[in-house]
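Geometric and topological summary
Chain by chain, the residues:
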Amino acid sequence: MPVKKEPSGRRSVEAKVEVPGTPEEVWQAIATGPGISSWFVPTTLDEKVGGNTKSSFGPGMDSEARITAWEPAKRFVAETEEGPGTVATEWTVEAKDGGTCVVRVVHSWFANTDDWDGQFEGHTYGWIAFFQNLRLYLEQFRGQQSTTVALSAMSNDSDAWSRLVGPLGLADASAGARFATPAGTPELRGVVEVVNPPQWPGLQLLLEHPAPAIAHLFAMPIGGPILLTVRLYLYGDAGRSVADHVEADWRRWLDRQFPPQT
């Protein structure tokens with residue numbers, strides 16, 4: 001989404017999504033550690049002004065912030081120091097007719113140059129993808145905690161995305177289609193929920209096997225190489241019981257497809 005620029009020097013970007021649930025149910029999903037961890041990345045959050053929040057995107061990739069506003073079921077703000085200086089992230093929940101809510105996240109900062117605009121525009125596209133997870137979570141698994149399996153691989157090949165999804169039988173996936181991965185690949189069975197446009201490749205899958213789950217697969221250029229990420233949010237006792245096996249199976253397969261670079 002484009003950066004909004006104000007005469008004061010304040011700049012901001014935002015993303016939003018409409019999801020099912022009451023404000024209280026949606027708040028539990030976006031403003032508690034267990035809730036956020038069930039559709040985003042492992043997160044801890046102190047539910048008060050002055051509290052801290054920390055989200056872990058992988059080893060050595062933690063994002064930490066301090067909560068500066070806290071209005072349960074309505075709004076909270078967390079501030080962190082990064083690129084342009086102090087960046088405030090505001091989350092709001094707005095109730096709508098028909099049992100849904102609009103969740104909006106706004107990143108804002110002050111700057112007199114465009115140096116960081118591209119990075120923050122990229123943040124909004126990331127939120128759009130994760131908000132698809134949030135919508136699915138609230139539709140299918142509301143209130144449940146997940147056991148998350150998160151793996152990644154790096155590739156210098158321009159066809160890295162095809163090499164990930166092709167063998168899984170998902171190269172030509174279409175939203176609403178049922179699928180089952182072929183023999184010799186990690187076992188997944190369920191329904192394709194979301195297919196991203198080619199310019200930011202990604203898939204969201206609603207799984208019934210190996211456990212009730214959401215799978216989120218995506219590719220992201222990191223300079224020259226491409227980062228491929230597979231996240232599975234496994235719900236309930238069934239998810240906990242298979243998590244270690246699922247992680248080991250995916251790790252073996254990814255290492256065959258994309259041998260670790262040394």
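For the structure itself, consult the block above.
The notes below deal with the structure included here. (Residues numbered from 1 in each chain as written. Predicted model: local features only at pLDDT ≥ 70, side-chain atom pairs only at ≥ 80, totals over all residues. Heavy atoms only, no water.)

**Some remarks on the overall build of the protein chain**
Helix and strand counts for the protein chain come out as 5 helices and 14 strands. The globule rule puts the C-alpha radius of gyration for 262 residues at 18 Å, and the 19 Å found for the protein chain is close to it. For the protein chain, the spread of C-alpha atoms along the principal axes amounts to about 55 × 40 × 30 Å. Within the span of the protein chain, comprising 262 residues, buried residues form 46% of the whole. The long-range fraction of contacts in the protein chain, counting pairs at least 24 apart against all pairs at least 6 apart in sequence, stands at 52%. (Helix = DSSP H or I, 4+ residues; strand = E, 2+ residues; numbered from the N terminus. Rg over C-alpha atoms; globule rule 2.2 N^0.38 Å. Buried < 20%, exposed > 50% of the residue type's maximum accessible area, 1.4 Å probe, protein only. Contact = heavy atoms within 4.5 Å.)

**Some points on the packing of aromatic side chains**
This structure, assessed with the given rule, holds 15 aromatic pairs. Taking the centre distance of 5.8 Å and the plane angle of 90 degrees together, the rings of W250 and W253 count as edge-to-face. Taken as a pair, W250 and W253 lie in helix 5 (residues 236–257) at a separation of 3 residues, close to a single helical turn. Residue class for W253 comes out buried when judged on its relative accessible area of 3%. Aromatic ring contacts, followed pair by pair, group W27, W39, F40, F57, W70, F76, W91, W127, F130 and F131 into a single cluster. (Phe/Tyr/Trp six-rings, centres within 6.5 Å; stacked < 30°, edge-to-face > 60°.)

**Looking at the pairing of strand 8 (residues 100–110)**
Of all 11 residues that make up strand 8, 9 are buried, and the element is covered over most of its length. The pairing of strand 2 (residues 10–20) with strand 8 spans 11 bridges and is antiparallel. If you follow V13 over to strand 8, its bridge partner there is H107. Sheet topology note: the strand 7 (residues 85–96)/strand 8 ladder contains 9 bridges and is antiparallel. Following the sheet pairing, T92 is matched in strand 8 by R104. (Pairing = 2+ DSSP bridges.)

**Structural notes on the sheet that holds strand 1 (residues 4–5)**
The 8 strands are arranged 1-2-8-7-6-5-4-3 in an open sheet whose pairing can be described as antiparallel. The open sheet has two edge strands, strand 1 and strand 3 (43–45), and neither has a second partner. Alignment of strand 6 (residues 75–82) against strand 7, held across 8 bridges, turns out to be antiparallel. Paired with E82 across the two strands is G85, which belongs to strand 7. Running over the sheet, helix 1 (residues 23–30) touches strand 2, strand 5 (62–71), strand 6, strand 7 and strand 8 and is turned about 150 degrees from strand 7. (Axes fitted to C-alpha atoms, helices over the stretch in contact; angles between N-to-C directions.)

**A short note on the pattern of salt bridges**
Evaluated as defined, the whole model comprises 12 salt bridges. With a shortest N-O distance of 2.8 Å, E71 and R75 are connected by a salt bridge. A relative accessible area of 35% means that E71 is categorised as partly exposed. For R75, a relative accessible area of 26% corresponds to the partly exposed category. Between D237 and R240 there is a salt bridge, with the nearest N and O atoms lying 2.0 Å from each other. Placement of both D237 and R240 in helix 5 is noted, with a separation of 3 residues, approximately one turn of the helix. Each member of the salt-bridge network shares a partner with another, and the members are E71, R75 and E90. (Salt bridge = Lys/Arg side-chain N within 4 Å of Asp/Glu carboxyl O.)

**Looking at helix 1**
Here helix 1 has its buried residues at V26, W27, A29 and I30. Along the axis of helix 1, the buried positions cluster into a sector of 160 degrees, meaning they face one direction only. (Arc of directions from axis to C-beta.)

**Quick notes on the side chain of T80**
Looking at the element boundaries, T80 is found in strand 6. Of the polar contacts made by the side chain of T80, one reaches the backbone oxygen of E64; its length is 2.7 Å. (Polar contact = N/O pair within 3.5 Å; in protein donor to acceptor, adjacent residues only side chain to side chain.)

**A look at the side chain of H107**
Along the chain, the position of H107 falls in strand 8. On the accessibility criterion, H107 (8% relative accessible area) is buried.

It is worth stressing that arrangement in space is one thing and function is another; only the former is reported here.
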